[in-house]
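# Geometric and topological summary
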Amino acid sequence: MKYQIQSGWLSGVRRVASPHCNARPDNTDVDLLVIHSISLPPGQYGGAFIDEFFLGHLDIDAHPYFAEIATLRVSAHLLIDRNGRVTQYVPFTARAWHAGQSTFCGRDNCNDFSIGIELEGLDTDTFTAEQYTALAEVTAAIVEEYPGIDRSRITGHSDIAPGRKLDPGPGFHWSQYFHELDALAGNNKGDLPEA
């Protein structure tokens, strides 16, 4: 397995600690993985704007759109950029602020029990091969550490916040993601379990 998790952090990835997190509720099992997409400004890739947003330091003069979002306090556990580089902002043991108002299987406040992964992209765009590979690799490590996450508990932001969020969008190919994830699991201990 490419990645290991130690004290809530992935080994061998870029780490940028976000203040936009807090403790999970006591006795909460992490058993949901949420896939998102983000680009800042929308539709533009590269640069440091996502880091700045998750750190609360977004310069509103850098782009007109930033004035709309600069006061939001948002983070994710991980970001995978267009080249497949992984950045971790919040340890998996903590509650990242990625889902907002959300519900999964009748349970509200998905931030309490989920891990959020952002893919650099737009919900109307496609994603890169490098992103799918990196996403499968980090998912394999997460599933190993958090066995409550099976295929039925990997979902998109749009699924837990319908009508409010669209990401990761129609350009995200779930079949490609699961194919790569199953290939990795096949090299270890069998396909990712179904529900």
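Attention in this report is confined to the structure presented alongside it. (Residues numbered from 1 in each chain as written. Predicted model: local features only at pLDDT ≥ 70, side-chain atom pairs only at ≥ 80, totals over all residues. Heavy atoms only, no water.)

### A look at helix α5 (residues 174–186)
Note that an α-helix has 3.6 residues per turn; residues three or four places apart therefore point the same way. Counted only if it meets this: Secondary structure counts use DSSP, requiring at least four H or I residues in a row for a helix and at least two E residues in a row for a strand, with both numbered from the N terminus. Expected helix span is given by 1.5 Å per residue-to-residue step, counting one fewer step than there are residues. Only protein chains enter the accessibility calculation, which uses a 1.4 Å probe. A residue is then buried if its area is under 20% of the maximum for its type, exposed if over 50%, and partly exposed in between. The contact definition used throughout considers only heavy atoms, calling two residues in contact when any of these lie within 4.5 Å.
If you check α5, its first and last C-alpha atoms are 18 Å apart, about what 13 residues at 1.5 Å a residue would give, namely 18 Å. Within α5, the full set of buried residues consists of Tyr177, Phe178, Glu180, Leu181, Asp182 and Ala185. On its buried face, α5 sits against β5 (32–38), α3 (129–145) and β12 (154–156).

### Side note on the pattern of salt bridges
Under the convention used in this document: The term salt bridge refers to a pairing of a side-chain nitrogen on Lys or Arg with a carboxyl oxygen on Asp or Glu at a separation within 4 Å.
Enumeration over the complete set of coordinates arrives at 7 salt bridges. When the shortest N-O distance is used, the salt bridge between glutamate 137 and lysine 2 registers 3.6 Å. One end of the pair, glutamate 137, is in helix α3; the other, lysine 2, is in the segment before β1 (5–6), with 135 residues separating them in the sequence. Glutamate 137 gets classed as buried once you look at its relative accessible area, which sits at 17%. When salt bridges with common partners are traced through the structure, they connect Asp31, Arg107 and Arg153 into a single cluster.

### Brief notes about α3
For α3, built from 17 residues, the straight-helix expectation of 24 Å at 1.5 Å per residue is met to within 8% by its first-to-last C-alpha distance of 25 Å. Counting buried positions along α3 yields 12 of 17 residues, so the element is predominantly enclosed. Along α3, the positions that sit buried rather than exposed are Gln131, Tyr132, Ala134, Leu135, Ala136, Glu137, Val138, Thr139, Ala140, Ala141, Ile142 and Val143.

### Quick notes on the environment of serine 37
Within the secondary structure, serine 37 sits in strand β5. Serine 37 gets classed as buried once you look at its relative accessible area, which sits at 12%. Beyond its immediate sequence surroundings of up to four residues, serine 37 is in contact with Glu118, Leu119, Gly121, Leu122, Asp123, Phe127, Asp167 and Pro168.

### Structural notes on the sheet that holds strand β7 (residues 86–88)
The line we're drawing: Two strands qualify as a pair provided DSSP detects at least 2 bridges between them. Note on geometry: axes are C-alpha line fits, over the in-contact stretch for helices, and angles between N-to-C directions span 0 to 180 degrees.
Here 6 strands make up an open sheet; going across it, the order is β3-β7-β6-β11-β5-β12 and the pairing mixed. Here the strands that pair on one side only, and so sit at the sheet edges, are β3 (14–15) and β12. Alignment of strand β6 (residues 78–80) against β7, held across 3 bridges, turns out to be antiparallel. Paired with isoleucine 80 across the strands is valine 86, a residue of β7. Across the sheet, α3 touches β5, β6, β7, β11 (114–120) and β12, and the angle it forms with β11 is around 165 degrees. Across the sheet, α5 touches β5 and β12, and the angle it forms with β12 is around 155 degrees.

### Description of unusual backbone geometry
Of the consecutive residues leucine 40 and proline 41, the connecting peptide bond is found in the cis state with omega at -15 degrees. Here proline 41 lies in the loop between β5 and α1 (49–55). The backbone of serine 7 shows a phi angle near 55 degrees, a positive value even though the residue is not glycine. Its location among the elements puts serine 7 in the loop between β1 and β2 (9–10). Despite not being glycine, cysteine 105 shows a phi value in the positive range, around 50 degrees.

From the geometry alone we can't say anything about function, so treat these as descriptive.
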